[in-house]
Every structure is written in C-alpha cells, then in structure tokens.
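Here are the chains, one letter per residue:
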Amino acid sequence: MSKENSFFKKVHDVVKQIPCGKVTTYGEIARYLGTPKSARVVGWAMNAVKGNPEIPAHRVVNKNGLLTGKFHFDGTNLMKNLLENEGIIIKNNKIFNFKEVFWKISIKK
DNA sequence: CCCGTGACTTCCG
DNA sequence: ACGGAAGCCACGG
C-alpha cells in the first residue's frame with residue numbers, strides 16, 4: 001500500500017501503458033515523473049518488474065535507442081525478438097527506426 | 001543516517 | 001569520433 005506511491009509504481013504504471021509497437025526511453029520516463037536525472041532509477045525499476053509479463057520492459061531502451069537491457073532479459077536475442085515482433089527494426093542491438101517507434105509519454109489521469 | 005548498487009545521461013580528454 | 005569518468009536519484013540493509 002505504502003509502496004503504491006513509490007517511484008517504482010509510477011514507472012511500472014507508465015511502462016504498462018506503452019502502446020504496442022512503440023518504445024520509450026528511461027530519461028523520458030524519468031522526466032515525465034518529474035525527475036529527469038533519475039533515469040538510472042527507472043532502469044532499476046525495470047529490474048524490479050523483470051519477470052512481469054504485464055510490464056513490457058523490452059520496450060524501454062536508452063536515449064540512443066540502444067538495447068542496453070538486452071542482457072538482463074536472458075542474455076540472448078529475446079528483447080530484440082520481442083521488439084521485432086512489434087514491427088520495430090533492430091540493428092546491432094540498436095533500434096533502426098527509433099524515432100518512428102518512439103512513444104511520447106502523454107498519459108491523462 | 002550512511003553505504004552500496006544500478007537496464008542512464010552527460011561531460012571531459 | 002571514441003573511451004573513460006563523474007553525477008545523478010531512489011531503494012534496501
């Protein structure tokens with residue numbers, strides 16, 4: 001209950017609302033939450049949700065569109081496979097059409 | 001309260 | 001252009 005207001009919960013909530021075939025960045029999420037310098041915490045929150053199929057953490061990449069968390073899924077091309085499955089082009093662990101699949105966070109509460 | 005950790009980001013050389 | 005280092009914030013112990 002108390003944790004419902006935690007930074008993690010906010011990150012989880014945002015990531016869960018990422019539309020299919022779209023991706024976003026840690027910094028964008030952090031900035032949306034009001035803490036643009038807490039991008040690392042966002043990534044850390046991803047690790048906390050690792051194993052939750054309801055949270056598409058594979059849709060969250062770094063600012064350069066690089067699949068930095070790829071090694072955290074299973075150490076293989078799982079993350080790449082999931083993204084490609086949504087129509088996202090991955091080139092050398094990086095999103096080729098990053099700007100095309102980039103999702104601007106705009107949640108209405 | 002202090003310390004360590006981390007899937008980032010930015011600056012400096 | 002490339003690589004290394006520092007800064008950053010939140011959480012757990």
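In the block above lies the structure referred to throughout.
What you see is a predicted model; the values in this text were computed from it and never measured.

A look at the protein's contact with DNA strand C
Step number 1: For DNA strand C, the set of nearby residues contains ten residues, the closest of which are Phe7, Ser38, Arg40, Val41 and Trp44.
Step number 2: In the environment of DNA strand C, a phosphate oxygen lies 3.1 Å from a nitrogen or oxygen atom belonging to the backbone of Phe7.
Step number 3: At 3.3 Å, a side-chain N or O of Arg40 approaches a base nitrogen of DNA strand C.
Step number 4: For the surface near DNA strand C, the secondary structure elements donating two or more residues are helix H1 (7-16) and helix H3 (39-49).
Step number 5: Considering every element that reaches the surface near DNA strand C, the biggest residue donor is H3, with three residues.
Step number 6: Among the residues forming the surface near DNA strand C, the class breakdown is four nonpolar, three polar and three charged.

Remarks on the pattern of salt bridges
Step number 1: A complete count under the given rule lists three salt bridges for this structure.
Step number 2: A salt bridge links Arg31 to Glu28; its shortest N-O distance comes to 3.1 Å. Remark: Glu28 and Arg31 occur in helix H2 (residues 26-33); sequence separation between them is three residues, near one turn of the helix.
Step number 3: The partner of Glu86 in a salt bridge is Arg59, with the nearest N and O atoms 2.5 Å apart. Of the two residues, Glu86 is situated in the loop between helix H5 (78-85) and strand E3 (90-91) and Arg59 in the loop between H3 and strand E2 (60-61); the sequence distance between them amounts to 27 residues.

Criteria and thresholds
Residues numbered from 1 in each chain as written. Chains lettered and ligands numbered in written order. Predicted model: local features only at pLDDT ≥ 70, side-chain atom pairs only at ≥ 80, totals over all residues. Heavy atoms only, no water. Near = heavy atom within 4 Å. Polar contact = N/O pair within 3.5 Å; in protein donor to acceptor, adjacent residues only side chain to side chain. Helix = DSSP H or I, 4+ residues; strand = E, 2+ residues; numbered from the N terminus. Nonpolar A, V, L, I, M, F, W, Y, C, P; charged D, E, K, R; others polar. Salt bridge = Lys/Arg side-chain N within 4 Å of Asp/Glu carboxyl O.

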